Structures are given as structure tokens and as C-alpha cells.
Amino acid sequence: MVQANRQLSDRQFRSLAELIEGQVGIKMPTAKRLMLEGRLHKRVRALNYSGVGEYVDNLFDKAVLDEELTHLIDVVTTNKTDFFREPQHFEFLRTVAVPELLKLPDRKSNDLKIWSSACSTGMEAYTTAMVLDDMVQAGRRFQFRILGTDISTAVLRVATAAIYNREVIAPVPAPFIERYFLTSRDRARQEVRVVPELRRLTNFTRMNLMDSSYPVDRDVDIIFCRNVLIYFDRDTQRKVVEQLCSHLRPGGYLLVGHSESMIHSALPKLRQVQPTVFRL
Ligand SMILES: C[S@@+](CC[C@H](N)C(=O)[O-])C[C@H]1O[C@@H](n2cnc3c(N)ncnc32)[C@H](O)[C@@H]1O
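Residues numbered from 1 in each chain as written. Predicted model: local features only at pLDDT ≥ 70, side-chain atom pairs only at ≥ 80, totals over all residues. Heavy atoms only, no water.

**Describing unusual backbone geometry**
Positive phi outside glycine occurs at Gln190, with the angle close to 55°. Structurally, Gln190 can be placed in the loop between strand 4 (181-183) and strand 5 (191-194). Under the relative-accessibility criterion, Gln190 is labelled partly exposed at 43%. Of note in this structure, Asn227 is not a glycine but carries a positive phi near 60°. Mapped onto the fold, Asn227 is located in the loop between strand 7 (220-225) and helix 10 (234-245). (Helix = DSSP H or I, 4+ residues; strand = E, 2+ residues; numbered from the N terminus. Buried < 20%, exposed > 50% of the residue type's maximum accessible area, 1.4 Å probe, protein only.)

**A word on the domain arrangement of the protein**
Each assigned domain of the protein is listed with its residue range as follows: domain 1 (10-76) and domain 2 (88-279). Each of domain 1 and domain 2 has a C-alpha centre, and the two are 30 Å apart. Of the roughly 830 Å² buried where domain 1 meets domain 2, counting both sides, 57% is carbon and sulfur surface. If you sort the residues of domain 1 by the area they bury against domain 2, Lys27, Ile73 and Asp74 come out on top, with a joint share of 42%. For the side of domain 1 that touches domain 2, the elements supplying multiple residues, two or more each, are helix 1 (10-24) and helix 4 (62-76). Looking at which element gives the most residues to the side of domain 1 that touches domain 2, the answer is helix 1, with four residues. Considered class by class, the residues forming the side of domain 1 that touches domain 2 number three nonpolar, four polar and four charged. (Domains from an automatic or database assignment. Buried area = accessible area lost by both parts, 1.4 Å probe. Nonpolar A, V, L, I, M, F, W, Y, C, P; charged D, E, K, R; others polar.)

**With respect to the site of the ligand**
Residues in contact with the ligand amount to 21 residues; listed here are only the nearest, Thr81, Arg85, Asp150, Leu209 and Asn227. Within the contact set of the ligand, a nitrogen atom lies 3.0 Å away from a side-chain nitrogen or oxygen of Glu124. Between the ligand and Asn227 there is a distance of 2.8 Å, counted from an oxygen atom to a side-chain nitrogen or oxygen. The fraction of the free accessible surface of the ligand (600 Å²) that becomes covered by protein chains is 99%. At a threshold of 2 Å from the grid points, most atoms of the ligand map onto the largest pocket. (Near = heavy atom within 4 Å. Polar contact = N/O pair within 3.5 Å; in protein donor to acceptor, adjacent residues only side chain to side chain. Areas by Shrake-Rupley, 256 points an atom, 1.4 Å probe, with all protein chains shown as cover. 1 Å grid on protein atoms, 1.4 Å probe; cavity = no way out; pocket = protein on both sides within 12 Å on 5 of 7 lines; lining within 4 Å. Sits in = over half its atoms within 2 Å of the grid points.)

**Some details on the pairing of strand 9 (residues 271-274)**
One ladder, built from three bridges, connects strand 9 with strand 10 (residues 277-279); its direction is antiparallel. The partner of Gln274 across the bridge, within strand 10, is Val277. Between the end of strand 9 and the start of strand 10, which pair antiparallel, lie two residues. (Pairing = 2+ DSSP bridges.)

**Section: the sheet that holds strand 8 (residues 248-256)**
Within a sheet, neighbouring strands are paired by backbone hydrogen bonds and run either parallel or antiparallel to one another. The sheet built from seven strands is open, its strands ordered 6-2-1-7-8-10-9 with mixed pairing. Two strands in the sheet have a free side with no partner beyond their single neighbour: strand 6 (202-206) and strand 9. Direction aside, the axes of adjacent strands within the sheet are offset by 20° on average. Alignment of strand 2 (residues 143-150) against strand 6, held across five bridges, turns out to be parallel. (Axes fitted to C-alpha atoms, helices over the stretch in contact; angles between N-to-C directions.)

**A few points about helix 6 (residues 123-137)**
Compared with an ideal rise of 1.5 Å per residue, which puts 15 residues at 21 Å, helix 6 spans 21 Å between its outermost C-alpha atoms and is within 8% of the ideal. Counting buried residues in helix 6 gives 12 out of 15 residues, a clear majority hidden from the surface. Within the span of helix 6, buried status applies to Met123, Glu124, Ala125, Tyr126, Thr127, Thr128, Ala129, Met130, Val131, Leu132, Asp133 and Met135. (Expected span 1.5 Å × (residues − 1).)

**Some remarks on the layout of surface pockets**
The calculated volume of the largest pocket comes to roughly 460 Å³. Looking at the largest pocket, it is lined by 30 residues, and the ones nearest its centre are Thr78, Ala118, Asn227, Val228 and Tyr231. Tallied by class, the residues present in the lining of the largest pocket amount to 14 nonpolar, nine polar and seven charged. Split by domain, the lining of the largest pocket shows at least three residues from each of two domains, domain 1 (10-76) and domain 2 (88-279). (Points joined across faces, edges and corners; volume = space filled by probe spheres on them.)

Below you can see the structure in the form of C-alpha cells.
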């Protein structure tokens, strides 16, 4: 049996790294070379190439790239997410952000718009939906809609289906599991699904944060951009945050991941209200 060539030449690595940085914004230093070669291997086998080198050499053919870019993105991005990840953000939404947003004098309606801008498999969006719906059930008078966007079509398929392995709902409080998840009738499947009432309030679509404009409303109340900026270089971080802010309503909030509070230095018009919470 022929052993597939598992290594890239320096030239091939550099051109692939430039492509990824340019299209996805993700930094590809040499330290990530082994990881990249390893992860590409499955794709190389699926396409019957002799090795990663041949894969990269063919990638720059435009027809191949158009088809291949989504696969490449799935290979290089980290999709790790959780329900109730960084739970202080959801407590902040409940106790501060939503009450403050509903008090804004220029509000024309009580419809809140939330955007999870690197939503992965949708857990951030559905956690927000649970927390806000719980507030509504408790008597707060408002409606909300949640948009989830991501560059990876694979994660968006999961987000739209809203079907998860039972293990991943461990961080969800028990009363929320009861109210917001359906259990598969086939007990052996160990799967749960978000209830249709919350699925109806969420919408998922593909969007690249590197794009020069975003097809999203300009009066979003809360934008999540968590655990993705960290992969971008400083210039890209600044551009992305600036562009996201142009979609926030005055008084709206931007939430970033716990290791991303540095974006503050990039945007003086944002007020830091907590280490990872900013207000326009
Ligand atoms: C680590 S996950 C974070 C998910 C979620 N925000 C959280 O904090 O749990 C990072 C997500 O960013 C997405 N991503 C990476 N580059 C992107 C880009 N240029 N535009 C949009 N999404 C991107 C990845 O596909 C991945 O789903």
C-alpha cells in the first residue's frame, strides 16, 4: 500500500497559511504546521490525493478552491462551545443588559435583537434564548429574536437541527432542561432537541466576519463575539470589532470571550462595563 505524503513543503505551508489568514482571518504560525498537516489528512484521503502537498497544489485552482473552502474552514477552525459557557454573561443579560436596554428612551418597540456572531453549533444562541424566555415567563414584557452566524456550514447544520448529545446539556440548570429540551423517544439514542418554541425564535445563516460588510440590521441590542477574535491578528480584530459595532444600536452591548478583553484598546467609543462586556 502506498503511504500518503503527510508533510507540506515550506512553500506549500506558506501559501496555505496565507490563504487561510486572508480568507478566514485565522493566524497560521509555523507552530500550527503539524496540526494543520494532521487535520488535512482525512480530507486528502477522501479526495484520493497522494498527500497533503498534492492537495495544496490543486487548491489554488479557482474551481477547486470554491468547492474546497468550506472544508478547509472546517479543518482549521475550533468549534468548541458549550451551553452556559462563561455563565456570568447570561447573568449579566438577565440582571443588567435586558432591563437597561428596555429602558432606552429611543426604543420604538420592546423587540430585542440578539446576534451570536461566531455561533458554532448554536449553544450560545440557545442559552440566550432560554435565559430570555425565562424572563418573559417570569413576567417581563418583551419579545426577542436571535440570529446566529458562523463561517462553517458544518456547525450551522447542527445549530439549525438543534439536536445534541445528552452529555452536552450538563451545564444547563435542571428546570431549563425540563422546559426547553425534548428527549428522544428512543432512549438508546441519548439525544435531546431544543423545543420548537425556542427554535422558532432563532435563525442561523453563514457569514464570514472577514467580509467587508455584514447583511445584518444596524440596531442590534446585544452582539456576542466570543472566542473567535483570539484567532485573528490585531488589525483584523480591530476591523471586525469596528464593523460589529456599526450594527449595534446606541446603548447596545458587545460581549467577547474571557481572553479577548484586549479589544478595548482598539475602540475608544466602546465603554467597558465589565472585563468582557462593552457598551456603545
Ligand atoms: C471556538 S468557537 C466559539 C463559539 C462560541 N462563540 C463560544 O464562545 O462558545 C469559534 C467559532 O468561530 C467560527 N469562525 C472562525 N473564523 C470565523 C470567521 N472568519 N467568520 C465567522 N466565524 C468564524 C468557527 O467556525 C467557530 O465555530
